[in-house]
Amino acid sequence: MDQKTAELPEDLRQARKMREGVVVSDKMDKTRVVVVSWNTTHPRYHKVLRRSSRFYAHDEKNESHTGDRVQIMETKPLSKLKRWRVAQVLEKSV
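First things first, this report covers the structure right here in the doc. Being a predicted model, the structure only gives us computed values, none of them experimental.

### A short note on the overall build of the protein chain
Thought 1: Helix and strand counts for the protein chain come out as zero helices and five strands.
Thought 2: Secondary structure elements in the protein chain, listed N-terminal to C-terminal, are β-β-β-β-β.
Thought 3: Looking at the protein chain as a whole, 24% of its 94 residues are labelled buried.

Here it is as structure tokens:
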């Protein structure tokens, strides 16, 4: 019998989920609400649909603001809703 062993990535930070989105709220201290959008196709009618999810992300230095494009990284639960943190600000809003 041939047993398969689960291979762990060399760097566990590489295995974390990363998402890219836009900050829609910066009213809370050290917390940002980030909207991540993607396109998907309806399985039956083949219409392209625009889907989105809102994530609460931790921003330790309050660097990002509304309208900024940011990259968020999955992390351990920080509060009731926060499971993500802002990894970097990709583009500042005008």
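### Some details on the pattern of salt bridges
Pairing is possible between side chains of opposite charge, provided their charged atoms come close.
Thought 1: For the coordinates displayed, the defined rule picks out five salt bridges.
Thought 2: We note a salt bridge from Arg32 to Asp59, for which the minimum N-O separation is 3.6 Å. A residue pair is termed long-range when its members are at least 10 positions apart, and Arg32 in strand 2 (residues 31-41) and Asp59 in the loop between strand 3 (48-58) and strand 4 (69-74) qualify at 27 residues.
Thought 3: Given the relative accessible area of 2%, Arg32 is considered buried.
Thought 4: Notably, a salt bridge pairs Glu91 with Arg69, separated by 3.4 Å at the nearest N-O pair. Taken as a pair, Glu91 in strand 5 (residues 84-91) and Arg69 in strand 4 lie far apart in primary sequence, 22 residues in all.

Basis of the calculations
Residues numbered from 1 in each chain as written. Predicted model: local features only at pLDDT ≥ 70, side-chain atom pairs only at ≥ 80, totals over all residues. Heavy atoms only, no water. Helix = DSSP H or I, 4+ residues; strand = E, 2+ residues; numbered from the N terminus. Buried < 20%, exposed > 50% of the residue type's maximum accessible area, 1.4 Å probe, protein only. Salt bridge = Lys/Arg side-chain N within 4 Å of Asp/Glu carboxyl O.

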